[in-house]
Protein chains: 2
Amino acid sequence: MERTLFMNFLAARGLKLTKERMAVLRQIFSIHGHFEPERLYLNIRSSGIKASRASVYRTLNLLVESGLVERISRSEKGNVYEHTYGHRHHDHMICTTCGEVIEFFSENLEEIQNVICTRYHFTGTSHTLEIRGQCRTCKKRKK
Amino acid sequence: MERTLFMNFLAARGLKLTKERMAVLRQIFSIHGHFEPERLYLNIRSSGIKASRASVYRTLNLLVESGLVERISRSEKGNVYEHTYGHRHHDHMICTTCGEVIEFFSENLEEIQNVICTRYHFTGTSHTLEIRGQCRTCKKRKK
DNA sequence: GGCCCAATTGAAACTTAATCTCAATTTCAG
DNA sequence: CTGAAATTGAGATTAAGTTTCAATTGGGCC
């Protein structure tokens, strides 16, 4: 699982397996869905493990490089991440009022992108689609 | 044109039409394509008009609110904007090898997104689709 | 196990984009 | 033209994220 993959990644780079790095990894994969670095840091803290903000950020970057975690957006108040290992690809809708993130997937959308790539002789390897607007709740509230 | 639209927007809000705001507007619409706030500020400066960074940022936000300008991404080094008025909406393909940016538009893609939004009771106001991969030239070269 | 050294850590300083403060200035309705 | 309200600029402030560097630690090697 992700633990082994991360260990292999570290080994391949001559990096060390520290308790701080393990704590970050464990915490990230225990979070269901999106998270911000600060929340990650606080979660780790409140779980009794001591790790500095610097280490949390450093490990986060390593995890992104390893492909286990992906940065999915930059909000007003910083980056948002999610772990990708064990997660099917999906896109996001983001409510600009409350910040809620809705995940969705559309086979149709994927297919059309392939068609477009072919038309432009482009070899697509990945994509990010972010739809911004208002979620049901915020839309109602505004009335 | 954009000038009139912006003036109407300001008037509707009881805001004033200042030379600084006009300078920002003029500069933005003279830039073909994407720009960053800092570049905008420097351009205005070097064109002889004096306007502070604060005013540039403040006006930029007003323009986004008015719908004349759109923030298209948040890069490592700040936000990237483009003016939308007089520009048809489009998405981007980015070659990860050479950095080339291909703009494209697909009515199909737009429609499917509307369908998805409806399904999730989400009121989409804008979106960003970025397809990463290799352009024709780089693909050929790699062989 | 124990040695050794490169990698890692934490605390605090730093960086950078963007926002805020507030006194002085400017706009514009009347 | 006048005055109230909005705006401006310079510099202070904020906050996310990175860097610095001395002290600590992991892990290959014997």
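Above: the structure in question.
Caption draft 1: Looking closely at the protein's contact with DNA strand D. Close contacts around DNA strand D come from 21 residues, with Asn79(A), Thr18(B), Arg21(B), Ser52(B) and Ser55(B) the closest. By atom count, sugar and phosphate contribute 73% of the portion of DNA strand D lying within 4 Å of the protein. Here a base nitrogen of DNA strand D and a side-chain polar atom of Lys16(A) are 3.1 Å apart. Arg58(A) has a polar side-chain atom sitting 3.4 Å from a base oxygen of DNA strand D. Elements represented by at least two residues in the surface near DNA strand D include exactly helix H4 (53-66) and strand S2 (78-83) of chain A together with helix H2 (19-30) and helix H4 (53-66) of chain B. A per-element tally of the surface near DNA strand D places H4(A) first, with four residues. Classifying every residue of the surface near DNA strand D gives seven nonpolar, six polar and eight charged.

Caption draft 2: Spatial organisation of the environment of Arg119(A). Residues and elements named next belong to chain A. Relative to the helices and strands, Arg119 resides in helix H5 (residues 107-119). Of the residues examined, Arg119 reaches a relative accessible area of 52% and is grouped as exposed. Sequence-wise, Arg119 and Pro37 are 82 residues apart; in three dimensions their C-alpha atoms are separated by 39 Å.

Caption draft 3: Summary view of the sheet that holds strand S5 (residues 123-134) of chain A. With mixed pairing, six strands are arranged side by side in an open sheet as S4(A)-S3(A)-S5(A)-S5(B)-S3(B)-S4(B). Pairing within the sheet leaves two strands with one partner each, and these edge strands are strand S4 (101-104) of chain A together with strand S4 (101-104) of chain B. Within this sheet the neighbouring strands show an average axis-to-axis angle of 20°, counted without direction. Pairing analysis gives four bridges linking strand S3 (residues 91-95) of chain B to S4(B), with the strands arranged antiparallel. In the strand pairing of S4(B), Met93(B) is matched with Ile102(B).

The rules we used
- Throughout this description, residue numbers start from 1 for each chain and increase along the sequence as written.
- Here chains are named by letter from A upward and ligands by number from 1 upward, in the order in which they appear as written.
- Where local features are concerned, this predicted model is filtered to residues with pLDDT of at least 70; where side-chain atom pairs are given and counted, the filter is 80 or more; whole-chain, interface and lining totals use all residues.
- Each side-chain value is worked out from all heavy atoms of the structure, with water and hydrogens disregarded.
- Residues are counted as near a molecule or strand when any one of their heavy atoms sits within 4 Å of it.
- What qualifies as a polar contact is a pair of N or O atoms within 3.5 Å, subject to a donor-acceptor requirement within protein and to the restriction that residues adjacent in sequence count only when both atoms come from side chains.
- Helical segments are the DSSP runs of H or I of at least four residues, strand segments are the runs of E of at least two, and each set is numbered from the N terminus.
- Residue classes follow a fixed rule: Ala, Val, Leu, Ile, Met, Phe, Trp, Tyr, Cys and Pro count as nonpolar, while Asp, Glu, Lys and Arg count as charged, and any other residue, Gly among them, counts as polar.
- Exposure categories follow from relative accessible area, calculated using a 1.4 Å probe and restricted to protein chains: below 20% of the type maximum is buried, above 50% is exposed, and the middle band is partly exposed.
- Between any two strands, at least two bridges found by DSSP are needed for them to pair.
- An axis is simply a line fitted to the C-alpha atoms; with a helix, the fit covers only the stretch in contact. Between two such axes, the angle follows the N-to-C directions and lies from 0 to 180 degrees.

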